[in-house]
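Tertiary structure, described
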Amino acid sequence: MLNTSAEKGTRFRIEGAHDADIGKNSVQRYSLQKNDNFILMVDANNVELVLDHKLDRETQREINLPLTAVDGGSPQRSSTVMIHVTVLDANDNAPVFSQAVYKASIPENSPLNTVVVRVSATDADEGVNGEVSYDFGHVSDIDEKVFSIDFKTGEIRVIGATDFEKKNAFELPVIANDGLGLSSSAKVYIELTDENDNAPVVYLKSLSNPIPENAQTGTEVGIINVQDRDSENNRQVRCSIQQGVPFKLVPSIKNYYSLVTTGQLDRELVSDYNITITLSVADINDNPPVFEEQSYSAYVSENNKPGSTLCSVSARDPDWRQNGTVVYSLLAGEVNGAPVSSYLSVNGDTGVIHAVRSFDYEQFRSFKVHVMARDNGSPPLSSNVTVSVFISDVNDNSPQILYPSPEGNSFMTELVPKAAHGGSLVSKVIAVDADSGQNAWLSYQIVKSTDPGLFTIGVHSGEIRTHRDISESDSTKQNLVVAVKDNGQPSLSATCSMYLLISDNLAEVPELKDLSYNESNSKLTSYLIIALASVSTFFLTFIIIILGLRFCRRRKPRLLFDGAVAIPSGYLPPNYADVDGTGTLRSTYNYDAYLTTGSRTSDFKFVTSYNDNTMQTLGKINRSAAPFSRVSPLSWFLLLKTIILW
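What counts, and at which threshold
- Residues numbered from 1 in each chain as written.
- Predicted model: local features only at pLDDT ≥ 70, side-chain atom pairs only at ≥ 80, totals over all residues.
- Heavy atoms only, no water.
- Helix = DSSP H or I, 4+ residues; strand = E, 2+ residues; numbered from the N terminus.
- Buried < 20%, exposed > 50% of the residue type's maximum accessible area, 1.4 Å probe, protein only.
- Contact = heavy atoms within 4.5 Å.
- Areas by Shrake-Rupley, 256 points an atom, 1.4 Å probe, with all protein chains shown as cover.
- Patch = residues over 30% accessible without salt bridge, like charges linked within 9 Å, V, L, I, M, F, W, Y side chains within 5 Å.
- Salt bridge = Lys/Arg side-chain N within 4 Å of Asp/Glu carboxyl O.
- Pairing = 2+ DSSP bridges.
- Axes fitted to C-alpha atoms, helices over the stretch in contact; angles between N-to-C directions.
- Polar contact = N/O pair within 3.5 Å; in protein donor to acceptor, adjacent residues only side chain to side chain.
- UniProt positions renumbered as here; feature names shortened; annotations may be inferred.
- Core = buried A, V, L, I, M, F, W, Y, C linked by side-chain atoms within 4.5 Å.

**Some thoughts on the overall build of the protein**
On a plain count of helices and strands, the protein comes out with four helices and 42 strands. Evaluated residue by residue, the protein yields a buried proportion of 32% over its 646 residues. Contacts in the protein between residues at least 24 apart in sequence constitute 66% of all its contacts with a sequence separation of at least 6. About 41,000 Å² of surface is accessible on the protein, with carbon and sulfur atoms providing 53% of the total.

**Let's talk about a nonpolar patch on the surface**
On the surface, L524, Y527, L528 and I530 cluster together to form a nonpolar patch covering roughly 450 Å² of accessible area. Note that I530 resides in helix 2 (residues 519-560).

**Overview of the pattern of salt bridges**
Taken as a whole, this structure holds seven salt bridges when the rule is applied. Between E155 and R157 there is a salt bridge; the shortest N-O distance is 2.6 Å. One network of salt bridges, with partners in common, ties together D451, R468 and D474.

**A short note on the environment of T217**
Of note, T217 is situated in the loop between strand 17 (201-207) and strand 18 (220-227). Taking relative accessible area as the criterion, T217 reaches 52% and is therefore assigned exposed. Here T217 is in contact with T261, T262, G263 and Q264, once residues within four sequence places are set aside.

**Digging into the sheet that holds strand 36 (residues 425-428)**
On the basis of which strands lie adjacent, the open sheet formed by three strands has the order 36-40-39 and antiparallel pairing. Edge positions in the open sheet fall to strand 36 and strand 39 (455-457), since each of these has one partner strand only. This sheet shows a mean twist of 25° between the axes of neighbouring strands, independent of strand direction. For strand 39 and strand 40 (residues 463-466), the ladder comprises three bridges, and the chain directions are antiparallel. Paired with F455 across the bridge in strand 40 is T466.

**Describing the side chain of N323**
Note that N323 resides in the loop between strand 26 (315-316) and strand 27 (326-330). Residue contacts for N323: discarding those within four places in its chain leaves D283, I284, N285, D317, D375, G377 and S378.

**As for the sheet that holds strand 2 (residues 11-14)**
Whether parallel or antiparallel, the strands of a sheet pair through hydrogen bonds between backbone atoms. Spatially, the three strands line up as an open sheet ordered 2-5-4, and their pairing is antiparallel. Of all strands in the sheet, those bounded by a partner on one side alone are strand 2 and strand 4 (38-43). Averaged over all pairs of adjacent strands, the angle between their axes in this sheet comes to 30°, without regard to strand direction. The sheet contact formed by strand 2 and strand 5 (residues 46-51) spans four bridges and is antiparallel. Among the inter-strand pairings, F12 is bridged to a residue of strand 5, identified as L49.

**Considerations on the side chain of Q478**
Within the secondary structure, Q478 is located in strand 41 (residues 477-486). Here D451 takes part through its backbone nitrogen, which lies 3.3 Å from a polar atom of the side chain of Q478. Polar side-chain contacts of Q478 include one of 3.1 Å to the backbone oxygen of S475. With residues near it in sequence (within four places) discarded, Q478 still touches T450, D451, L454, F455, M498, Y499, L500 and I502.

**Side note on the pairing of strand 16 (residues 183-193)**
Every second residue of strand 16 is oriented toward a common face, the buried set being S184, A186, V188, I190 and L192 and the non-buried set S183, S185, K187, Y189, E191 and T193. Note that strand 9 (residues 101-107) and strand 16 share seven bridges and pair parallel. Following the sheet pairing, K103 is matched in strand 16 by Y189. Of the strand pairs in this sheet, strand 15 (residues 169-177) and strand 16 are connected by nine bridges, and their pairing is antiparallel. Residue pairing in the sheet places A176 in a bridge with S184 of strand 16. Counted between consecutive antiparallel strands, the loop separating strand 15 from strand 16 contains five residues, among which G181 sits at a positive phi close to 105°.

**Focus: the UniProt feature "transmembrane region" (unreviewed entry) in the protein**
As recorded in UniProt, the sites labelled "transmembrane region" (unreviewed entry) are residues 527-549. Its end C-alpha atoms 33 Å apart, residues 527-549 is made of 100% helix and 0% strand.

**Quick notes on the nonpolar core**
Ranked by internal contacts, the top residues of the largest apolar core, which has 29 residues, are L344, F359, F367 and V387. Setting aside chain neighbours within four positions, we find V387 in contact with Y296, C311, V313, I353, F367, K368, V369 and V371. Core analysis: the next-biggest nonpolar cluster, separate from the first, contains 26 residues, A104, V117, A176 and A186 among them.

What follows is the structure, encoded as structure tokens:
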């Protein structure tokens with residue numbers, strides 16, 4: 001352990017390493033891992049750590065130094081030891097204030113023990129070296145009677161009368177001391193704000209008495225001076241006299257008034273006048289509205305009726321007339337992305353807050369709005385308050401069954417082994433409830449079953465178990481209807497069906513059709529019928545078109561060659577070769593063909609011509625039409641049927 005106050009160059013001897021070997025096989029040298037604070041000095045058999053840089057506990061409280069001893073043998077051997085250095089604290093740090101200057105303001109005539117400001121200083125040292133206490137520096141006797149400071153917390157409090165008219169500002173030096181004498185200082189400036197705590201005083205500077213009864217109207221009778229010890233707006237006054245006297249006050253210079261006559265005086269009628277001067281302070285809008293509470297809370301049940309009252313806020317303004325009239329409004333903002341005005345409204349005159357819509361606990365459970373109270377002064381002053389709205393849950397959500405599906409047309413089947421013993425887990429009903437609290441506490445109950453004594457369900461877990469061992473007499477098909485209820489008032493519930501098969505595998509069950517009618521199969525059958533009808537219609541249409549085309553092709557020769565009509569020789573190619581190929585006919589001979597009306601053959605065989613281009617063209621026409629003419633409607637039907645079945 002080393003003290004943080006150790007000076008540079010201080011040596012610390014450490015025990016050397018021991019080696020059972022001798023000579024060069026013994027310890028030959030030492031090495032210290034490089035660090036910022038220590039170096040290693042080895043002299044003969046002395047091993048010392050030398051402080052190269054001063055220690056600072058506040059920067060590093062502990063230092064680990066690996067020291068290695070190496071012998072001179074072959075192979076070379078070494079050993080390492082860890083030197084753990086703990087830096088002890090020294091009082092080398094003075095307290096430090098969080099601010100060099102503190103400023104505060106309080107109204108005059110503040111109550112005793114009012115906290116004005118709190119100063120704070122910290123000391124990086126620890127223990128008694130880091131304990132900070134507070135005290136005033138040199139202050140006057142007057143200031144010492146007005147303020148005090150707590151030596152532990154640093155709170156400055158009011159202990160005497162604060163009068164703005166006597167002294168409106170204070171400068172207090174504050175000192176922070178640690179446990180062993182180090183200190184630092186800061187300054188605290190305290191200003192007093194004026195309150196209207198002084199009444200105006202009237203001074204009669206001059207008075208003409210008695211007054212001649214023949215004095216002219218407007219004759220100055222006396223001069224009055226008005227003084228108020230308050231400052232600024234609090235010293236503004238209005239002067240007036242009672243009605244029904246032939247005098248009035250006329251302002252002259254600042255705070256001076258002249259008392260002058262306003263009519264003819266007649267001593268025989270009135271010989272004496274007793275004039276009362278009334279002074280009132282003119283009000284200005286110097287006070288903002290103040291809410292009676294720092295924050296407000298409103299509680300409402302979900303599914304409330306729009307327009308229902310949630311709570312009311314109230315603010316007071318000590319100013320006079322319109323300067324003290326308070327108007328309430330909601331500050332602009334959003335609740336769940338919607339304007340706050342779509343959730344709440346506030347009566348501008350009374351401060352009563354109403355719900356604009358019905359709230360849903362499952363959407364949001366609370367939200368905050370800000371209400372502003374503004375007076376009608378010029379310029380207007382205002383203040384804000386936070387209103388927290390808490391929505392309570394009602395039981396408006398039925399339990400939702402996740403497994404099995406609660407729909408009646410669903411087909412949920414569980415297998416139960418034939419060898420299942422009593423208490424065996426068969427299945428589990430899983431349900432949730434969107435409500436909260438006791439409204440979301442769920443309980444499970446079997447309301448209907450094929451064999452009432454065979455299965456039970458956990459009231460709170462929803463686990464379906466066998467109540468007894470499975471026997472051969474038990475029906476293979478078991479149907480359970482499970483009800484799930486919440487704990488709300490009134491309670492809401494949901495039901496589901498669970499189909500159980502007592503079998504070791506599905507192969508042992510001949511059919512499952514009678515367990516549940518699957519409406520989707522019926523829908524699939526309907527879709528297949530519609531598809532088959534559509535394809536059949538398309539097929540019939542296609543056949544009709546094919547037959548129509550063939551009929552048109554057969555009708556064409558009859559229309560062209562009705563009766564024995566000779567085809568002009570120019571219509572056929574002029575040159576033909578001998579049919580038999582004997583070469584006895586000349587190629588320049590032409591042949592005329594005749595077709596009878598009753599002919600049903602549309603084919604015409606041309607002989608081979610020496611004009612290759614012409615005959616090749618006709619041959620292509622016949623070949624392109626031949627495939628379609630040879631495919632029968634029966635073949636098309638068989639092909640389309642194969643496609644549909646596939």
